[in-house]
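The chain contents come next:
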Amino acid sequence: MATQEPLVRFYDLSGPKPWSPACWVTRYALNFKGIPYTVTKLSYPGIKPKCEELLKDMTGLEATVPIIEILQEPYKALNDSTPIAKLLNERFTEADGYKHLKDVEKLDAYEEAYPSRGVFMSLSSGDLAQKVTFCSANKLAGIVYDVWANALDPSDGSKEYFKETREKILGMPLKDLLEVKGGGEELCIEKMKSCWVGLQERMKNEGTGEPTYLDFFDASIVRWVEAASHEKYEKLLGIYGDDTFIKLMKKVSPYEA
Ligand SMILES: N[C@@H](CCC(=O)N[C@@H](CS)C(=O)NCC(=O)O)C(=O)O
């Protein structure tokens with residue numbers, strides 16, 4: 001693949017390693033489908049200008065990564081991970097030798113069925129204001145500070161941007177979230193159990209074989225926790241005391257590079 005001409009330009013968030021869950025979903029989708037692509041890293045403050053440059057009319061759109069540009073005709077730029085996955089399936093088809101990524105259309109219902117896990121993801125999102133109820137519901141308030149401390153690029157303005165925007169919305173220092181909103185780490189971890197029941201059930205029946213979009217979605221959140229805090233990642237993997245997460249991460253591992 002390295003020698004193939006890139007057909008997609010993928011915009012990911014900066015950081016010591018890939019961490020943004022929404023971007024992980026797109027990375028998995030590109031890798032799974034076998035589409036040659038290049039990666040451009042953006043800082044948090046760089047996201048909005050890049051969206052405005054590439055997407056032109058931002059009506060009804062949020063300025064978020066991932067963004068992709070399809071470089072072959074007809075050229076198209078798009079953000080938002082699920083519409084991106086749909087577009088990749090449409091533009092890179094089995095007839096042209098690309099694998100079809102299954103169950104993209106099931107994601108919305110899946111997220112609705114297990115909303116707190118989806119909201120977990122949106123803590124790094126631009127639409128945080130709408131999702132602040134998450135923190136009141138205190139499922140995983142603990143991870144936000146870890147994202148700021150460990151996952152963000154320390155030198156490109158991302159940390160300052162993240163802290164300022166999130167603290168303004170949340171109305172408290174990031175470091176206090178876990179205790180004040182989350183009720184402490186133990187309680188947060190206990191509450192996490194309800195978020196992943198769908199995954200646990202799926203891994204019992206579909207724990208091997210080709211991953212689907214739902215698998216990539218779940219795995220992207222696991223990767224996010226891992227980049228934020230290795231300790232919390234290990235706790236997450238152990239919440240059910242079974243092989244749910246081991247199966248999931250094994251299933252997606254061929255598509256991580
Ligand atoms: N629904 C979007 C969410 C994407 C998202 O929240 N991206 C975050 C980074 S993980 C972002 O770009 N935030 C911009 C900001 O907070 O200004 C998707 O799945 O693509």
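The model shown is predicted, which means the values in this text are computed figures rather than measured ones. (Residues numbered from 1 in each chain as written. Predicted model: local features only at pLDDT ≥ 70, side-chain atom pairs only at ≥ 80, totals over all residues. Heavy atoms only, no water.)

**Q** Explain the overall build of the protein to me, please; I cannot follow it from the model alone.
**A** Helix and strand counts for the protein come out as 14 helices and four strands. Burial statistics for the protein: of 257 residues in total, 55% are counted as buried. A separation threshold of at least 6 residues defines the contact pool for the protein, and within that pool the share at least 24 residues apart is 68%. Of the roughly 11700 Å² that the protein leaves accessible, carbon and sulfur atoms contribute 52%. (Helix = DSSP H or I, 4+ residues; strand = E, 2+ residues; numbered from the N terminus. Buried < 20%, exposed > 50% of the residue type's maximum accessible area, 1.4 Å probe, protein only. Contact = heavy atoms within 4.5 Å. Areas by Shrake-Rupley, 256 points an atom, 1.4 Å probe, with all protein chains shown as cover.)

**Q** What's the story with the sheet that holds strand 4 (residues 76-79) in this structure? I'm lost.
**A** Consider a sheet: its strands pair through backbone hydrogen bonds, and that pairing is either parallel or antiparallel. An order of 2-1-3-4 is seen for the four strands of this open sheet, with the pairing classed as mixed. A strand with exactly one partner marks an edge of an open sheet, and here the two such strands are strand 2 (37-42) and strand 4. Each strand of the sheet is rotated relative to its neighbour by a mean of 20°, with strand direction disregarded. In terms of strand pairing, strand 1 (residues 8-13) meets strand 2 through six bridges, oriented parallel. Each residue of the ladder has a partner; that of Y11, found in strand 2, is T40. (Pairing = 2+ DSSP bridges. Axes fitted to C-alpha atoms, helices over the stretch in contact; angles between N-to-C directions.)

**Q** Got a minute to help me understand the packing of aromatic side chains in this structure?
**A** When we look at a pair of aromatic rings, we describe it by the centre distance and by the angle of the planes. Throughout the structure, instances matching the rule amount to 13 aromatic pairs. Where W24 meets Y28, the ring centres are 5.0 Å apart and the plane angle is 35°; that geometry is what we call tilted. Here the residue W24 and the residue Y28 both occupy positions in helix 1 (residues 21-33), the gap between them amounting to four residues, near one helical turn. Judged by its relative accessible area of 7%, W24 falls in the buried class. Judged by its relative accessible area of 0%, Y28 falls in the buried class. These aromatic residues form a ring-pair network of at least three members: W24, Y28, F32, F216 and Y255. Between K99 and the ring centre of F32, over which it is positioned, the NZ or CZ distance is 4.1 Å. (Phe/Tyr/Trp six-rings, centres within 6.5 Å; stacked < 30°, edge-to-face > 60°. Lys NZ or Arg CZ within 6 Å of the ring centre and 35° of its normal.)

**Q** Help me out: how do you make sense of the confidence of the model for the protein in this one?
**A** The predicted coordinates ought not to be read in detail in places where the model reports low pLDDT. With 87% of its residues at a pLDDT of 70 or more, the protein has an overall mean of 87. A low-confidence stretch, residues 118-139 (pLDDT under 50), is modelled with 64 contacts involving residues beyond four sequence positions or located in other chains. (pLDDT = per-residue confidence, 0-100.)

**Q** What's the story with the pattern of salt bridges in this structure? I'm lost.
**A** Side chains that carry opposite charge are capable of pairing whenever their charged atoms lie near each other. Taken as a whole and assessed by the stated rule, the structure comprises 17 salt bridges. Notably, a salt bridge pairs K41 with D12, separated by 3.4 Å at the nearest N-O pair. Separated by 29 residues along the polypeptide, K41 in strand 2 and D12 in strand 1 bring together distant segments of the chain. On the accessibility criterion, K41 (40% relative accessible area) is partly exposed. Judged by its relative accessible area of 1%, D12 is buried. Its salt-bridge partner being D103, residue K106 comes within 3.3 Å of it at the nearest N-O pair. Residue class for K106 comes out partly exposed when judged on its relative accessible area of 44%. (Salt bridge = Lys/Arg side-chain N within 4 Å of Asp/Glu carboxyl O.)

**Q** What should I look at first to understand unusual backbone geometry in this one?
**A** Leaving glycine aside, a negative phi is the common case for residues, and trans is the common case for peptide bonds. P66 follows V65 through a cis peptide bond whose omega is 5°. Residues E73 and P74 are joined by a peptide bond in cis, for which omega reads -10°. Within the fold, P74 resides in the loop between strand 3 (67-70) and strand 4. Located in the positive-phi region is D80, a residue other than glycine, with phi close to 90°. Here D80 shows up in the loop between strand 4 and helix 3 (81-91). A residue is classified by how much of its surface remains accessible, and D80, at 43% relative accessible area, is partly exposed. Although it is not a glycine, D103 sits at a positive phi angle of roughly 70°.

**Q** What is the right way to read the pairing of strand 4 from this model?
**A** Remark: a regular strand shows side chains that alternate across the two faces of the sheet. Where strand 3 and strand 4 come together, four bridges link them in antiparallel fashion. From the neighbouring strand, I67 faces strand 4, where its bridge partner is N79. Here strand 3 folds back onto strand 4, and the loop between the two strands holds five residues.

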